[in-house]
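A closer look at the structure
In case you want the letters, here they are:
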Amino acid sequence: MDNITIRDIKVFVTAPRGINLVIVKVETSEPELFGYGCATFTWRHKAVVTAVEEYLCPMLKGKSVHNIEDIWQTMMGSSYWRNGPVLNNAISGVDEALWDIKGKLANMPLYSLLGGKAREGIAVYRHADGSCIEEVEECIRELQAEGYRYIRCHMGTYGGNFGGKRQQIVKPRDSENGAYYHPRMYMDSVIKLFDRVRSDIGWEIEVMHDVHERLSLSETLAFTKELEQFKLFFLEDSLSPEQANFYKYLREQTAVPFAMGELFTNPVEWIPIIQNQWIDFIRVHLSDIGGLTPAIKLANFCEAYGVRTAWHGPNDLSPIGMAAQMHLDMHCHNFGIQEFSGFNEAEEVVFPGCPVVNNGYAYVNDRPGIGVGFDEKEAAKYPAIEMNHSWLFSRLPDGTAVRP
């Protein structure tokens, strides 16, 4: 088994949840040995497919499946320009599939291959959303009844118009379409939401909120200080990656815990905020930084500075990608919390072996490798779709485009 090589690399796009998921399959010189990885970049999935099929596959055929580190470094350097989400996701699909193969060869689940468990269950948080305070509270109570104790609270889209119910936007003539929002109205609505949640629901649950980088620096500081009274578990992505150094000033002026990194693709973005301990949780999306290989290194780097993990776990993440993150959660001593969006019935058929949740804790199975399969015939029943990108086109009341 020392001479196993990559025979072929295939890419699949499937949408069992109405969201395009990109899955990479690495086939080997051993016919029954293969691995699956997640390369999901929903908003540019066609570019990822091209990168894998046209560039990585021809380059990697014939290489040993054992040398994951060398293959990762080769993929990262082969385009000369690097650290962008399209190429990183392509790399991730191959990288995770190779780790899946490595676990199968060792006949060990990934967490065991990494060094074993640091805990028995993985604490997860869910999203409570609604168009008004009452709907959010109803969602919180439903999640509580299912055993969840960590809940992210939102009212309407990220800083969006809430269907006109919360923010009356006056736009200039001939304004472009988009997700318009008024920063002050948005902040006020969130303060009112948490005031009611703490008053009506109480203090037994841990709560979070995601700003999604839609406020200015001064607005972020004022907003953060107003939120202190509600004792958040963390405030997520308060700033864009380009403004991450401002966390220095936030850390000096507020006790609110910060989670950051959903949009990170380059180590240069996260090194200073971790080394200076300006954040409490790292929030990267594993496939956007290149897969398991860099994530393992990042988790170890964070541990040295007391920063915990809170990997990005949205609904545009395949169950394979979620399970890969959860294996790290099971193993890493500095695990903090795992975002989790659940799986629908179709996903559980397409991806047999999905992690399961009981009483607020997630559990991966003990199958070798990542442990989640991929039924190619079932996946074909859910072809790629044209997705609605409207929430990404954020604008201020005067029509100025805002980058999330």
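One can find the structure itself at the top, above this paragraph.
A brief structural summary. (Residues numbered from 1 in each chain as written. Predicted model: local features only at pLDDT ≥ 70, side-chain atom pairs only at ≥ 80, totals over all residues. Heavy atoms only, no water.)

Bringing the packing of helix H5 (residues 133-145) against helix H6 (residues 183-200) into the picture now. With their axes 10 Å apart at the nearest point, H5 and H6 run at an angle of 45° to one another. Taken together, the axes of H5 and H6 are oblique relative to one another. Judged by the sense of rotation from one axis to the other, the crossing of H5 with H6 is right-handed. On the side of H5, the interface is formed by Ile133, Glu134, Val136, Glu137, Ile140 and Arg141, while H6 contributes Lys192, Leu193, Arg196, Val197 and Asp200. Its residues assigned to classes, the contact of H5 with H6 comprises five nonpolar, no polar and six charged. (Axes fitted to C-alpha atoms, helices over the stretch in contact; angles between N-to-C directions. Helix = DSSP H or I, 4+ residues; strand = E, 2+ residues; numbered from the N terminus. Parallel < 35°, antiparallel > 145°, perpendicular 65-115°, else oblique. Left-handed = near helix turned anticlockwise from the far one by under 90°. Contact = heavy atoms within 4.5 Å. Nonpolar A, V, L, I, M, F, W, Y, C, P; charged D, E, K, R; others polar.)

Moving on, we get to the sheet that holds strand S1 (residues 6-14). Read across the sheet, three strands follow the order S1-S2-S3 without closing on themselves; strand pairing throughout is antiparallel. Lying at the two open borders of the sheet, with one neighbouring strand each, are S1 and strand S3 (34-38). Across the sheet, the mean angle separating the axes of adjacent strands is 20° when strand polarity is ignored. Of the strand pairs in this sheet, strand S2 (residues 21-28) and S3 are connected by five bridges, and their pairing is antiparallel. Paired with Val26 across the bridge in S3 is Gly35. With respect to the sheet, helix H1 (residues 45-60) is in contact with S1 and S2, its orientation differing from that of S1 by roughly 175°. Here helix H3 (residues 85-106) sits on the sheet in contact with S1, S2 and S3, set at roughly 140° to S3. (Pairing = 2+ DSSP bridges.)

With that settled, the discussion passes to the pattern of salt bridges. Should their charged atoms come close, side chains of opposite charge can pair. Tallied over the full model, the rule gives 25 salt bridges. In this structure, the salt-bridge partner of Glu376 is Lys25, at a minimum N-O distance of 2.9 Å. With a gap of 351 residues between them, Glu376 in helix H14 (residues 376-379) and Lys25 in strand S2 connect regions that are remote in the sequence. For Glu376, a relative accessible area of 30% translates into the label partly exposed. (Salt bridge = Lys/Arg side-chain N within 4 Å of Asp/Glu carboxyl O. Buried < 20%, exposed > 50% of the residue type's maximum accessible area, 1.4 Å probe, protein only.)

For Gln338, the position within the fold is in strand S12 (residues 338-339). A distance of 3.3 Å separates a polar side-chain atom of Gln338 from the backbone oxygen of Trp311. Apart from the residues within four sequence positions on either side, Gln338 is in contact with Ile122, Ala123, Val124, Tyr125, Trp311, His312, Gly313, Met322, Gln325, Met326 and Asp329. (Polar contact = N/O pair within 3.5 Å; in protein donor to acceptor, adjacent residues only side chain to side chain.)

Negative charge collects at one region of the surface, where Glu135, Glu138, Glu142 and Glu146 lie side by side. Relative to the helices and strands, Glu138 resides in helix H5. Residue Glu138 is classed as partly exposed on the basis of its relative accessible area of 48%. (Patch = residues over 30% accessible without salt bridge, like charges linked within 9 Å, V, L, I, M, F, W, Y side chains within 5 Å. Areas by Shrake-Rupley, 256 points an atom, 1.4 Å probe, with all protein chains shown as cover. Lys, Arg positive; Asp, Glu negative; His and termini not counted. Charge placed at Lys NZ, Arg CZ, Asp CG, Glu CD.)

Time to look at the pairing of strand S4 (residues 122-128). Most of S4 is tucked away: six of the seven residues are buried. Pairing of S4 with strand S14 (residues 361-363), which is carried by two bridges, proceeds in the antiparallel orientation. Following the sheet pairing, Ile122 is matched in S14 by Ala362. Across two bridges, S4 lies against S12 in parallel orientation.

It helps to recall that an α-helix has 3.6 residues per turn; residues three or four apart then point in one direction. End to end, helix H12 (residues 319-331) covers 18 Å across 13 residues, agreeing with the expected 18 Å (1.5 Å per residue, within 8%). The element H12 is largely enclosed, with a buried count of 12 among its 13 residues. All of the buried residues in H12 are Pro319, Ile320, Gly321, Met322, Ala323, Ala324, Gln325, Met326, His327, Leu328, Asp329 and Met330. (Expected span 1.5 Å × (residues − 1).)

Our focus in this paragraph is the nonpolar core. Core analysis: the biggest nonpolar cluster contains 117 residues, and Phe223 and Ile282 have the highest contact counts within it. Listed in part, the nine residues of the second largest apolar core include Tyr125, Met208, Ala259 and Phe281. (Core = buried A, V, L, I, M, F, W, Y, C linked by side-chain atoms within 4.5 Å.)

We now examine the packing of aromatic side chains. In this structure the tally under the stated criterion is 17 aromatic pairs. Between Tyr150 and Phe233, the aromatic rings sit 5.2 Å apart at their centres with planes inclined by 75°, giving edge-to-face as the arrangement. Pair noted here: Tyr150 is in strand S5 (residues 150-153) and Phe233 is in the loop between helix H7 (217-227) and strand S8 (234-236), with a separation of 83 residues, a long-range link. Residue Tyr150 is classed as partly exposed on the basis of its relative accessible area, which comes to 22%. Seen from their ring centres, Tyr247 and Phe258 are 5.2 Å apart, and the 70° between their planes marks the pair as edge-to-face. Of the two residues, Tyr247 is situated in helix H8 (residues 247-253) and Phe258 in strand S9 (residues 258-260); the sequence distance between them amounts to 11 residues. Of the two residues, Tyr247 and Phe258, both sit in the buried class. One aromatic cluster is present, formed by Phe12, Phe34, Tyr36, Phe351 and Phe374 through successive ring pairs. The cationic tip of Lys25 hangs over the ring face of Phe34; the distance from NZ or CZ to the ring centre is 4.6 Å. The side chain of Lys171 reaches across the aromatic face of Tyr180, ending 4.5 Å from its centre. (Phe/Tyr/Trp six-rings, centres within 6.5 Å; stacked < 30°, edge-to-face > 60°. Lys NZ or Arg CZ within 6 Å of the ring centre and 35° of its normal.)

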